[in-house]
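Structural overview
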Protein chains: 2
Amino acid sequence: MKTGIGMFYAVGVGPGDPAWMTRQACDVLGFCPVIAAPRSASGEMPALEVARGAVDLSRKSIVPLKFTAARARSARNAEYVRAASSIARVLDAGLSVAMVNLGDVSICATAYDVLDVLRRRGYATQMIPGITSFCAVAAALGTSLTDRDSPLHIYPDETGNLDMALELSGTKVLMKSGKAIGETAAALSCRGLAKEASMVADCGLPSQRIFSEMTDLPENVGVSSTVIVPEGHRAARKK
Amino acid sequence: MKTGIGMFYAVGVGPGDPAWMTRQACDVLGFCPVIAAPRSASGEMPALEVARGAVDLSRKSIVPLKFTAARARSARNAEYVRAASSIARVLDAGLSVAMVNLGDVSICATAYDVLDVLRRRGYATQMIPGITSFCAVAAALGTSLTDRDSPLHIYPDETGNLDMALELSGTKVLMKSGKAIGETAAALSCRGLAKEASMVADCGLPSQRIFSEMTDLPENVGVSSTVIVPEGHRAARKK
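These numbers come from a predicted model, not from an experiment. (Residues numbered from 1 in each chain as written. Chains lettered and ligands numbered in written order. Predicted model: local features only at pLDDT ≥ 70, side-chain atom pairs only at ≥ 80, totals over all residues. Heavy atoms only, no water.)

1. Topic: the domain arrangement of chain A
Residues and elements named next belong to chain A. Each assigned domain of chain A is listed here: domain 1 (8-128) and domain 2 (133-238). One C-alpha centre belongs to domain 1, the other to domain 2; they are set 27 Å apart. Counting residues at the interface gives eight residues for domain 1, matched by nine residues for domain 2. Of the roughly 740 Å² buried between domain 1 and domain 2 on both sides combined, carbon and sulfur atoms contribute 68%. One can count zero salt bridges joining domain 1 with domain 2. Where domain 1 meets domain 2, there are zero residue pairs in polar contact (both at pLDDT 80 or more). Residues belonging to the side of domain 1 that touches domain 2 are distributed by class as follows: four nonpolar, one polar and three charged. (Domains from an automatic or database assignment. Contact = heavy atoms within 4.5 Å. Buried area = accessible area lost by both parts, 1.4 Å probe. Salt bridge = Lys/Arg side-chain N within 4 Å of Asp/Glu carboxyl O. Polar contact = N/O pair within 3.5 Å; in protein donor to acceptor, adjacent residues only side chain to side chain. Nonpolar A, V, L, I, M, F, W, Y, C, P; charged D, E, K, R; others polar.)

This is the structure:
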């Protein structure tokens, strides 16, 4: 591992509400002089905005990182390598860098992919856990995701085979981008699950919307949506 | 919903390190005059100890709640009802109660089961999300639990059919109490997965131990252990 250089922290800031940031995440953002943050094509930096709600970042250097929503693995990998290279220049100058990431850093996290590149290049890295979107969504809905006798299955947005997922026993979490919701709602409807399933869009953000069932959804339902499909016995209990 | 009475909060305090408590969890524990906490047969209150590490609880009334490790659903339900009844007396007196729970309150959470009883009786309740043990374990191991193309499956301790779980594509999380680890390690070994799987016992506590593979485990490996079984491609990457 390289010495005399900065440490890279991948920091989970939770899904949207700055109140969900941990004391550790706040501490790390407080002592790191440089904050790296994903920036969308339209110039928004949502994870940075969450962090700003909890920690004074006015004296920090901000390194924006551009990621497209590329589907091909090779294109995504090229973006992680480019982001890692711009962070490596800061680390080489002896400064520690905290990269903010919505939700947790072990679940569908861009910051993890950047960390992985930096670690392979010999940099010291650390993961700082955050509240996952599905735990925050469960809290917003007032529901449990497991019981002692049934498992929980998490399906990231781009994971195929929804039919096979819905066959599994236990609760299913479907993490979806806004545009894919119509298709998911149709699949749930076909299986008679639209009334049992519930959804929260943009959890913790001012634009948050709660749908207690997946019927009659509007066209635009937020940038990110998390769908909870309960198991049979839980669905029955809900009624 | 009853009015003029206290609110019940189920508060996730994370898996062990007080630094993993959220700002919201700290706030709620700060303003609630009464804190309810699970107490083991040996008199320990681990969730309360975590909370004490982050919030001054010296002026709070503490309500200990006794739960056995009963396996039968009816016995467990009787314990939740008894705990809810002792909390209800405090709520009826107009005081809000925060019940602390290790990890998150939507994943295998006793506080959720108590909340469910109170809600059915008409009390106002709220869930406060926490860091899950498996996210903290992933951070300790420096690993991701998902990628965009593969799901994640969470198996609580008492969920049967390990063989079926290990057949699923994607990463598997097996949440185990210490005594069940030997059996789990043997099952992983039979399938040639013992070297790919890793485990953290007592994550975040002073007794934390990290096992990068599931071979040659000692007899006593902590009260709670979380095993991560990566998917094939991820196991290959790890080597």
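Anyway, onward from the coordinates.
2. Observations concerning the side chain of Thr132 of chain A
Within the fold, Thr132 of chain A resides in the loop between β5 (125-128) and α5 (133-141). Here Thr132 of chain A falls in the buried class, since its relative accessible area comes to 2%. In contact with Thr132 of chain A, other than residues within four places in its own chain, are Pro15, Asp104 and Ile107 of chain A together with Cys135 of chain B. (Helix = DSSP H or I, 4+ residues; strand = E, 2+ residues; numbered from the N terminus. Buried < 20%, exposed > 50% of the residue type's maximum accessible area, 1.4 Å probe, protein only.)

3. Structural notes on the side chain of Lys176 of chain A
All names here are of chain A. With respect to the helices and strands, Lys176 occurs in strand β7 (residues 171-177). Residue Lys176 is classed as buried on the basis of its relative accessible area of 13%. Sequence-distant contacts of Lys176, defined by excluding residues within four places in its chain, comprise Asp157, Ile181, Thr184, Val223, Ser224 and Ser225.

4. Side note on the sheet that holds strand β10 (residues 224-229) of chain B
In any sheet, the strands associate via hydrogen bonds between backbone groups, in a parallel or an antiparallel arrangement. Strands sit in the order β9(A)-β8(A)-β10(A)-β7(A)-β6(A)-β6(B)-β7(B)-β10(B)-β8(B)-β9(B) across an open sheet of 10 strands; the sheet is mixed. Every interior strand has two partners, whereas the edge strands, β9 (209-211) of chain A together with β9 (209-211) of chain B, have only one. For this sheet the average axis-to-axis angle between neighbouring strands, irrespective of direction, equals 15°. The pairing of strand β6 (residues 152-155) of chain A with strand β6 (residues 152-155) of chain B spans three bridges and is classified as antiparallel. (Pairing = 2+ DSSP bridges. Axes fitted to C-alpha atoms, helices over the stretch in contact; angles between N-to-C directions.)

5. Quick notes on the nonpolar core
By size, the foremost hydrophobic cluster in this structure holds 36 residues, and its most contacted members are Val227 of chain A together with Val227 of chain B. Looking at this core, the elements that each hand over two or more residues are α6 (162-167), α7 (181-190), β8 (198-201) and β10 (224-229) of chain A together with α6 (162-167), α7 (181-190), β8 (198-201) and β10 of chain B. Dropping the residues within four chain positions of it, Val227 of chain B is found in contact with Lys172, Val173, Leu174, Ile181, Leu188, Ala197, Ser198, Met199 and Met214 of chain B. Residues Cys135, Leu152, Ile154 and Ile228 of chain A belong to the second largest nonpolar core, which totals 32 residues. (Core = buried A, V, L, I, M, F, W, Y, C linked by side-chain atoms within 4.5 Å.)

6. Regarding the relation of the copies chain B and chain A
Superposing chain B onto chain A takes a rotation of 180° plus a shift of 0.0 Å along the axis, which leaves an RMSD of 0.0 Å. Classification of the inter-copy transformation places it as that of a two-fold axis. A high fraction, 100%, of the interface residues of chain B reappear at the interface in chain A, so the copies pair face to face through one surface. (Least-squares fit on C-alpha atoms with pLDDT ≥ 70 in both.)

7. Considerations on the pattern of salt bridges
Within the structure shown, the criterion is met by 12 salt bridges over all chains. With a closest N to O distance of 3.4 Å, Arg191 of chain A and Glu167 of chain A form a salt bridge. Placement of the pair is Arg191 of chain A in the loop between α7 and β8 and Glu167 of chain A in helix α6, with a sequence separation of 24 residues. Relative accessible area serves as the criterion here: at 32%, Arg191 of chain A is assigned to the partly exposed category. Measuring nitrogen to oxygen at the nearest pair gives 3.5 Å for the salt bridge that ties Arg52 of chain B to Glu49 of chain B. Of this pair, Arg52 of chain B and Glu49 of chain B both sit in helix α2 (residues 46-52), three residues apart, which is roughly one turn of that helix. Among the charged side chains, a salt-bridge network with shared partners connects Asp116, Arg119 and Arg120 of chain A.

8. Some words on helix α1 (residues 23-31) of chain A
Looking only at α1 of chain A, the buried set comprises Gln24, Ala25, Cys26, Val28 and Leu29 of chain A. On its buried face, α1 of chain A is in contact with β1 (8-12), β2 (34-39), α2 (46-52), β4 (97-101) and β5 of chain A together with α1 (23-31) of chain B.

9. Considerations on the interface of chain B and chain A
Across the contact, 51 residues belong to chain B and 51 residues belong to chain A. Buried surface at the junction of chain B and chain A, both sides included, amounts to about 4400 Å², of which 53% is carbon and sulfur. Taken together, chain B and chain A are joined by 23 residue pairs in polar contact (both at pLDDT 80 or more). Put simply, the parts of the chain that give the side of chain B that touches chain A at least two residues each are α1, α3 (73-92), α4 (110-120), α5 (133-141) and β6 of chain B. No other element matches the five residues that α5 of chain B contributes to the side of chain B that touches chain A.

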